[in-house]
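Per-entry structural report
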Amino acid sequence: GENVEQHPSTLSVQEGDSAVIKCTYSDSASNYFPWYKQELGKGPQLIIDIRSNVGEKKDQRIAVTLNKTAKHFSLHITETQPEDSAVYFCAARTTSGTYKYIFGTGTRLKVLA
Amino acid sequence: EPEVTQTPSHQVTQMGQEVILRCVPISNHLYFYWYRQILGQKVEFLVSFYNNEISEKSEIFDDQFSVERPDGSNFTLKIRSTKLEDSAMYFCASTGARAVYGYTFGSGTRLTVV
């Protein structure tokens, strides 16, 4: 069935360093890949997304890359700050008419001051 | 910025009791969803709702679950007879026509079944 794998499950970086989180998806027809940030006790917040006709997208310190052939996509956060500490989820949207997302298992990012 | 509003934020219920979780999606959105997240685990799809009917549901969404959009603004998830394993965060989400943009999630309802 549809599946999204996410690595690593936890990531600790020093403030100012970069963080990279990687996801792979199983459904080659998936066409939209959002990334969500979830802070403690809150709902997931969309931080960046990428569509299947684009290879890379950047928004200030955050970038996402997509390799459709390999069916993987990655989140890159540069110049990390303590407020970047949170759980990050990748997702792949299925091509069914319901626009359902399959989420990865999450990465807990800790930025050490 | 428009928000998806969920109430209550936390609900404690006895096993076997019925619960109703409420959501007010963004007003011009057309697709509505419920997801759940068991503590420490990933976010899982429960059900999608479009044009006043369920468009897709997962294996989790069995006969104990139902959804309604009773008045054109609220979107509710009912669990008829709660089990201990229903304890989780339940998130409502919505998106607009053709889902051009990503979902907007609510802040969730933490359901604790005791």
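Since the model is a prediction, treat every value here as computed from it, not as a measurement. Starting afresh in each chain, residues are numbered from 1 along the sequence in its written order. Key to labels: chains lettered from A, ligands numbered from 1, both in the order written. A pLDDT threshold of at least 70 governs which residues receive local features in this predicted model, and a stricter bar of 80 or more applies before side-chain atom pairs are shown or counted, although totals over entire chains, interfaces and linings include all residues. Hydrogens and water molecules were not included; the side-chain quantities draw on all heavy atoms of the structure.

Digging into the interface of chain A and chain B
Contacts were defined at the residue level, with two residues in contact if any of their heavy atoms lie within 4.5 Å. With 23 residues of chain A in contact, the opposing surface of chain B contributes 21 residues. Counting the surface lost from both chain A and chain B, the interface buries some 1,700 Å², and carbon and sulfur atoms represent 54% of this. Once two parts are put together, the accessible area they lose, assessed with a 1.4 Å probe and summed over both, is termed the buried area. The three residues of chain A that bury the most area against chain B are Thr98(A), Tyr99(A) and Phe103(A), which together make up 32% of that side's buried surface. For this analysis, a salt bridge means a side-chain nitrogen from Lys or Arg found within 4 Å of a carboxyl oxygen belonging to Asp or Glu. Counting every contact that joins chain A to chain B gives 1 salt bridge. For the salt bridge of Lys100(A) with Glu56(B), the shortest nitrogen-to-oxygen distance reads 2.8 Å. Looking at the side of chain A that touches chain B, the elements that each hand over two or more residues are β4 (32-38), β5 (45-51), β9 (86-93) and β10 (101-103) of chain A. Side-chain classes are defined by residue name, with Ala, Val, Leu, Ile, Met, Phe, Trp, Tyr, Cys and Pro counting as nonpolar, Asp, Glu, Lys and Arg as charged, and the others, Gly among them, as polar. Looking at the side of chain A that touches chain B, its residues break down into 9 nonpolar, 9 polar and 5 charged. A helix here means a DSSP run of H or I that spans at least four residues, while a strand means a run of E at least two residues long, and both kinds are numbered starting from the N terminus.

Here's the deal with the packing of aromatic side chains
Each Phe, Tyr or Trp ring, with Trp reduced to its six-membered ring, pairs with another whose centre is within 6.5 Å; inter-plane angles below 30 degrees give stacked pairs, above 60 give edge-to-face pairs, and intermediate values give tilted ones. As enumerated under the stated definition, the model contains 26 aromatic pairs over all chains in all. Look at Tyr36(A) and Tyr101(A): their rings are 6.4 Å apart centre to centre, the planes differ by 50°, and that puts the pair in the tilted class. Of the two residues, Tyr36(A) sits in strand β4 while Tyr101(A) sits in strand β10, which places them 65 residues apart along the sequence. Considered together, Tyr36(A) and Tyr101(A) belong to a single accessibility category, that of buried residues. Between the aromatic rings of Phe89(A) and Phe103(A), the centroid separation amounts to 6.3 Å while the plane-to-plane angle is 90°, which identifies the pairing as edge-to-face. Within this pair, whereas Phe89(A) is found in strand β9, its partner Phe103(A) is found in strand β10, the two being separated by 14 residues in sequence. Of the two residues, Phe89(A) and Phe103(A), neither departs from the other in class, the shared state being buried. Three or more aromatic residues joined by ring pairs make a cluster, and in this case those are Tyr32(A), Tyr36(A), Phe89(A), Tyr101(A), Phe103(A), Tyr33(B), Tyr35(B), Phe45(B), Phe91(B), Tyr103(B) and Phe105(B). Exposure categories follow from relative accessible area, calculated using a 1.4 Å probe and restricted to protein chains: below 20% of the type maximum is buried, above 50% is exposed, and the middle band is partly exposed.

Focus on the sheet that holds strand β3 (residues 19-24) of chain B
Residue and element names in this part refer to chain B. In this analysis, strands are considered paired if DSSP registers two or more bridges between them. Spatial ordering of the open sheet is given by β1-β3-β8-β7, a layout of 4 strands whose pairing is antiparallel. Of all strands in the sheet, those bounded by a partner on one side alone are β1 (5-7) and β7 (65-68). Strand-to-strand, the axes of this sheet are offset by a mean angle of 15°, without reference to chain direction. In this structure, β1 lies alongside β3, joined through 3 bridges in antiparallel fashion. In the strand pairing of β3, Thr7 is matched with Arg22. For helices, the fitted axis covers only the stretch in contact; all axes are lines through C-alpha atoms, and the angles between them, taken along N-to-C directions, range from 0 to 180 degrees.

What to know about the pattern of salt bridges
Residue and element names in this part refer to chain A. Summed over all chains, the structure comprises 7 salt bridges over all chains. Where Lys100 meets Glu2, a salt bridge forms, and the shortest distance between an N and an O atom there is 3.3 Å. Of this pair, Lys100 sits in the loop between β9 and β10 while Glu2 sits in the segment before β1 (4-7), placing them 98 residues apart in sequence. A salt bridge links Asp84 to Arg61, with the shortest nitrogen-to-oxygen separation between them at 2.9 Å. Taken as a pair, Asp84 in the loop between β8 (72-77) and β9 and Arg61 in the loop between β6 (56-59) and β7 (62-67) lie far apart in primary sequence, 23 residues in all. Its relative accessible area of 22% is what places Arg61 among the partly exposed residues.

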